Amino acid sequence: MKQTTALLSAALIAAGGAAGAQDMANAMTLVSWGGAYQNSQQKAYVEPYLADHSDVTVTWDESSAEAVAKLRAMNEAGNITWDLVDVVAADAIRLCDEGLAMEIDFNEVLAEGDDGSSAEDDFGEMLVSDCYIPQIVYSTTFGYRTDMVPEGADAPSEICDVFDLETYPGKRALEKRPINNMEWALLCDGVAKEDVYDVLATEEGQEQALAKLDTIKDDVIWWSAGADTPQLLADGEIFMGSTYNGRLFSVIEEQNQPVAMMWDAQVFDLDGWIIPEGLPEDRLARVMDFVKFATDTQRLADQAKYISYGPARASSAPKVPEDMKQHMPTDPANAENTFLYNYEFWADYRDDIDAKFQAWLAQ
């Protein structure tokens, strides 16, 4: 920790003025998820930064889904090739607990809100880990083909419609991991919302969730990339599928596909940056300079121009374009029945339940 603090202090000094600029690396490898989300980061953060730093180059790596495993391997090999990594909150907690992500003094590293609030106050409860810099609030929810709703049936509107093959036949798309799927399965097997994680913490509860998923397993196409479900919907290969709300916004509003959102039991989550532990001083200085810029009030508000995710800073919310607010997962009309993702549960149970889930998939 002392070494981290010393490096961080040196990086902040280097990033603090023109004289220090020569001590910054001129290349960064940023890790994200690809697709519409990464494009929103490119437009809102990277392009404005590069406009003022013409000597800097940015390379994207679309490996965020594998960030924990890859950072573990890099650390073991003593070769950290990534400079800044976008991860979900539960993965940030794991990486922080394992010493693979740098702890941050938020008020020292990040810009104040443009309303004068400190960074800690502006991000508030979004700061779920000492190593995590949130960018957006998003949800995982379902989209469905409006032209494939069976004649005489209402459009699907409840999460348990996903498990109703009789009323809503056709292929579904679900993410190839236990998170969200296990919670939805328990909800639709009669478990009360407030009891889901207590049940899922038990062997019996995990088996119950998998048994419910068994009822639709033969009709599921499993996805790994956020762009998969929108493409499957656009191609008419599935009737309904889960993905991130911003990806569905893109296929509905930008591609004008016959797709609609089903917001019921949408699962709120955060996406944000971690800085890998062990970066050399020049690379860390560049990252610190970029991250302060990329997470300020205006930049987080600007991202909402390109994708329908809510900014993690309170001071950014008033700057979100009016025509985008109705597409945000946090809009009251869309948030009548949300499911709150338990970061700490998945940080503790992820490896064990992942193994069980993958074994179930292989059966």
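Here the structure is a predicted model, which means the values were calculated and not measured.

Participant: Can you walk me through the pattern of salt bridges in this structure?
Facilitator: Pairing of side chains with opposite charge becomes possible as their charged atoms draw close. For the coordinates displayed, the defined rule picks out 18 salt bridges. For the salt bridge of Glu207 with Lys356, the shortest nitrogen-to-oxygen distance reads 3.9 Å. In this pair, Glu207 is assigned in helix H10 (residues 203-214) and Lys356 in helix H16 (residues 343-362), connecting sequence segments 149 residues apart. A relative accessible area of 45% means that Glu207 is categorised as partly exposed. Between Arg286 and Asp289 there is a salt bridge; the shortest N-O distance is 3.8 Å. On the criterion of helical spacing, the pair formed by Arg286 and Asp289 is a turn pair, its members being three residues apart in helix H13 (residues 281-294). A cluster of three or more residues bridged by salt bridges with shared partners is formed by Arg72, Asp91, Arg94, Glu98, Arg350, Asp351 and Asp354.

Participant: Could you clarify how one ought to interpret the packing of aromatic side chains in this entry?
Facilitator: Here a ring pair, both rings aromatic, is described through the centre-centre distance and the interplanar angle of the planes. The tally for this structure, following the rule as stated, stands at 18 aromatic pairs. Residues Tyr49 and Phe290 carry aromatic rings whose centres are separated by 5.1 Å and whose planes lie at 85° to one another, so their mutual orientation is edge-to-face. Of this pair, Tyr49 sits in helix H3 (residues 35-52) while Phe290 sits in helix H13, and the two are 241 residues apart along the sequence. Looking at Lys217, its charged tip hangs above the ring of Trp360, at a distance of 4.4 Å from the centre.

Participant: Quick question: what am I supposed to make of the environment of Val87 here?
Facilitator: In this structure, Val87 sits in strand E3 (residues 84-88). With 185 residues separating them in the primary sequence, Val87 and Gly272 have C-alpha atoms 5.7 Å apart. In contact with Val87, not counting residues within four places along its chain, are Trp33, Ala67, Ala92, Leu95, Tyr132, Leu270, Asp271, Gly272 and Ile274.

Participant: For this particular structure, what's the right way to read the packing of H10 against H16?
Facilitator: How two helices pack is summed up by the angle between their axes together with the distance between the axes. It is the contact of H10 with H16, at a shortest axis distance of 11 Å, that shows an interaxial angle of 35°. Of the two possible hands of crossing, H10 and H16 adopt the one that is right-handed. Listed contacts from H16 to Glu203, Gln206, Glu207, Leu210, Leu213 and Asp214 of H10 are Ile353, Lys356, Phe357 and Trp360. Here the residues of the contact of H10 with H16 sort into five nonpolar, one polar and four charged.

Participant: Got a minute to help me understand helix H5 (residues 89-97) in this structure?
Facilitator: Side chains three or four residues apart in an α-helix point the same way, a direct result of the helix having 3.6 residues per turn. Of all nine residues that make up H5, eight are buried, and the element is covered over most of its length. Looking only at H5, the buried set comprises Ala89, Ala90, Asp91, Ala92, Ile93, Arg94, Leu95 and Cys96. On the buried face of H5, the contacting elements are helix H4 (67-77), E3, strand E8 (259-274) and H16. Taken from the residues just after H5, Gly99 is the one with a positive phi, measuring 75°.

Participant: What is the right way to look at the nonpolar core in this model?
Facilitator: Considering soluble globular proteins, one finds that nonpolar side chains tend to be buried as a cluster. With 91 residues, the main nonpolar core has Met182, Leu200, Leu213, Ile274, Ile275, Phe290 and Trp346 as its most contacted residues. Sort the elements by how many residues they give to this core and H16 lands first, with eight residues. Formed by 18 residues, the second largest nonpolar core is a distinct cluster that contains Trp33, Tyr138, Ile252 and Tyr309.

Participant: When you look at the pairing of E8 in this model, what are you seeing that I'm missing?
Facilitator: Along a regular strand, successive side chains alternate from one face of the sheet to the other. Most of E8 is tucked away: 15 of the 16 residues are buried. The pairing of strand E4 (residues 133-145) with E8 spans 11 bridges and is antiparallel. Paired with Ile136 across the bridge in E8 is Asp271. Pairing of E8 with strand E10 (residues 338-340) involves three bridges; the strand directions are parallel. Paired with Gln266 across the bridge in E10 is Thr338.

Participant: Looking at this structure, I do not really get the environment of Leu361. What am I missing?
Facilitator: Relative to the elements of secondary structure, Leu361 occurs in helix H16. Each C-alpha atom of the pair Leu361 and Ile238 lies 19 Å from the other, and the pair is 123 residues apart in sequence. Residue contacts for Leu361: discarding those within four places in its chain leaves Lys176, Lys217 and Trp222.

Participant: Sorry, what's going on with the confidence of the model for the chain here?
Facilitator: Detail in the predicted coordinates should be disregarded across regions flagged by low pLDDT. Residue-level pLDDT values for the chain average 92, and 94% of them are 70 or greater. In this model residues 17-21 is a low-confidence stretch, pLDDT under 50, and it forms three contacts with partners more than four residues away in sequence or in other chains.

Participant: Whenever I open this one, the packing of H3 against H13 confuses me. Can you help?
Facilitator: Between H3 and H13, the least distance of the axes is 10 Å, while the angle of their chain directions is 120°. Taken together, H3 and H13 sit at an angle that is classed as oblique. H3 and H13 meet at a crossing whose hand is right-handed. Where H3 approaches H13, its residues Tyr45, Val46, Pro48 and Tyr49 are matched on the opposing element by Arg286, Asp289, Phe290, Phe293 and Ala294.

Reading guide: rules and limits
- Residues numbered from 1 in each chain as written.
- Predicted model: local features only at pLDDT ≥ 70, side-chain atom pairs only at ≥ 80, totals over all residues.
- Heavy atoms only, no water.
- Salt bridge = Lys/Arg side-chain N within 4 Å of Asp/Glu carboxyl O.
- Helix = DSSP H or I, 4+ residues; strand = E, 2+ residues; numbered from the N terminus.
- Buried < 20%, exposed > 50% of the residue type's maximum accessible area, 1.4 Å probe, protein only.
- Phe/Tyr/Trp six-rings, centres within 6.5 Å; stacked < 30°, edge-to-face > 60°.
- Lys NZ or Arg CZ within 6 Å of the ring centre and 35° of its normal.
- Contact = heavy atoms within 4.5 Å.
- Axes fitted to C-alpha atoms, helices over the stretch in contact; angles between N-to-C directions.
- Left-handed = near helix turned anticlockwise from the far one by under 90°.
- Nonpolar A, V, L, I, M, F, W, Y, C, P; charged D, E, K, R; others polar.
- Core = buried A, V, L, I, M, F, W, Y, C linked by side-chain atoms within 4.5 Å.
- Pairing = 2+ DSSP bridges.
- pLDDT = per-residue confidence, 0-100.
- Parallel < 35°, antiparallel > 145°, perpendicular 65-115°, else oblique.

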